[in-house]
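# Summary of the model geometry
Here is how the chains run, residue by residue.
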Amino acid sequence: MASFSPNPVFRLIRVLILLLFHLSYNIAADSASAHHRHRSHSLSLASNARLHRAYIALQAWKRVIYSDPRNFTSNWIGLNVCEYHGIYCTSAPHDPKVKVVAGIDLNFGDIAGFIPEEFGLLTDLALVHLNSNRFCGILPPTIANLTVLYELDISNNRFVGRFPSVVLSLPKLKFLDLRYNEFEGPTPPRLFEKQLDAIFINNNRFTSVLPAFKGRSSASVLVIANNKFGGALPPSISNFADSLEELVLINSSLTGCLPPEVGYLYKLRLLDVSNNNIVGPIPYSLAGLAHLETLNLADNMMTGNVHGGICVLPSLSNFTLSYNFFCEEDGICANLTSKGIVFDDRENCLPDKPHQRSKKECKPVIEHPVDWYEECYVHGGGHAPVPAVTPMFPPSMAPSTALLPPSMAPSTPVFPPSMAPSTA
């Protein structure tokens, strides 16, 4: 019997029909599977109201983002918010089975937009890092709902208005960075009473005088530079003695004398009061700052003697007093550079020293000395300076190992205890 050999055209048509059937089956199966996954995920979200609220908040935020040149938010699509770029999820502290949005880190995104009211739905946030963007407007009052927020960094943006007092209502907040914005007006006294680890409010438009610092503060870093405060540094700065390691007051329009109470800040490593209008002498109490590494008094109107107690501080590595009117310098200060200490005493009225002010500039200061005791500590309302050659500790206080505070906002999320992100 002759063997059967089908027509080649028929065979081709048969193969095409089989391929089309197989393809149709797979498409139907994938569609059913995707529908099942979507339904399953929707049910999952429905059972986790906190992630659902986060979805609503983040989608509302995305609608008011007008420029995202680096596409940070390009994948903010769909219900799975834990996959969004810059969004960090972890287990809820009191229920490990429940996932929550615990952190937002959009640092250096160059994103333009504002913060919507719905941001307050993100009630599980422990940290918010938004530095180096173009966010503008004011912080919404719903920020008060973020009751577990630990770090808030909105530096280097375009936020405006009065000091955002809503942040002072956050009970867990420890790190606050508002620098390089357009905030204006006075700073509320409550800012310096709140138990924060670090306060950065420099490079804004804050005005008025610095308020008295009431109560003990826990801040290790206080940076208020490049504002227009005016007035003198309050003697109550001594209320930071328990913790303060860095005090930066550059270009803040400060006047009056440097209060001797600065000498009570026995943990201080950095003191920079440059580019102000501070007058009077260097308080003797500064000779007690055994941990001080950097002292910058440049560009003020300070006078009197540069006493040796400062120059023999055991940790000193940089001492700048240029562009003042100091008239005398203890001999021990002349050899600082040979000890590897950066020392700059240019543009003063120091005899026999190079690069000093002209005699014409120095003559009024030398011939008509001011009784700074009377000027600073009687009429100025301060206390008389107390000479000190050993660390001046408030009662019942002794020095401890210096803690190294952050000098800038963290570039990666740092969660408080029990809020570390899941590695799953």
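Refer to the structure presented above.
All figures in this text were calculated on a predicted structure; none of them were measured in a lab.

Conventions adopted
Residues numbered from 1 in each chain as written. Predicted model: local features only at pLDDT ≥ 70, side-chain atom pairs only at ≥ 80, totals over all residues. Heavy atoms only, no water. Disulfide = S-S within 2.5 Å. Buried < 20%, exposed > 50% of the residue type's maximum accessible area, 1.4 Å probe, protein only. Helix = DSSP H or I, 4+ residues; strand = E, 2+ residues; numbered from the N terminus. Polar contact = N/O pair within 3.5 Å; in protein donor to acceptor, adjacent residues only side chain to side chain. Phe/Tyr/Trp six-rings, centres within 6.5 Å; stacked < 30°, edge-to-face > 60°. Lys NZ or Arg CZ within 6 Å of the ring centre and 35° of its normal.

So, on to the state of the cysteines. A covalent bond bridging the sulfur atoms of two cysteines is what the word disulfide describes. Using the criterion set out here, one finds three disulfides in the structure. Bridging Cys82 to Cys89, the disulfide has an S-S length of 2.1 Å. Handedness of the Cys82-Cys89 disulfide follows from its S-S torsion of about -95 degrees: it is left-handed. The class for Cys82 is partly exposed, based on a relative accessible area of 24%. For Cys311, the disulfide goes to Cys333, at an S-S distance of 1.9 Å. The chirality of the disulfide connecting Cys311 with Cys333 is right-handed, given an S-S dihedral of about 95 degrees.

Among the secondary structure elements, His129 is positioned in strand β5 (residues 127-129). A relative accessible area of 0% means that His129 is categorised as buried. Within the structure, His129 has its side chain in polar contact with the side chain of Glu151 (distance 2.8 Å).

Applying the stated rule across the entire model yields 12 aromatic pairs. Consider the rings of Trp61 and Phe119, whose centres lie 5.2 Å apart with planes at 90 degrees: the pair is edge-to-face. You can see Trp61 sitting in helix α2 (residues 49-63) and its partner Phe119 sitting in the loop between β4 (112-114) and β5, a full 58 residues away along the chain. Grouping residues by exposure puts Trp61 and Phe119 together as buried. When the centroid spacing of 5.6 Å and the interplanar angle of 15 degrees are considered together, the rings of Trp76 and Tyr84 count as stacked. Residue Trp76 is classed as buried on the basis of its relative accessible area of 1%. Relative accessible area serves as the criterion here: at 2%, Tyr84 is assigned to the buried category. What links up through ring pairs into an aromatic cluster is the set Trp61, Trp76, Tyr84, Phe119 and Phe135. Directly above the aromatic system of Phe200 lies the positively charged group of Arg179, at a separation of 4.4 Å from the ring centroid. Here Arg357 stacks its cationic end above the ring of Phe325, 4.1 Å away from the centre of that ring.

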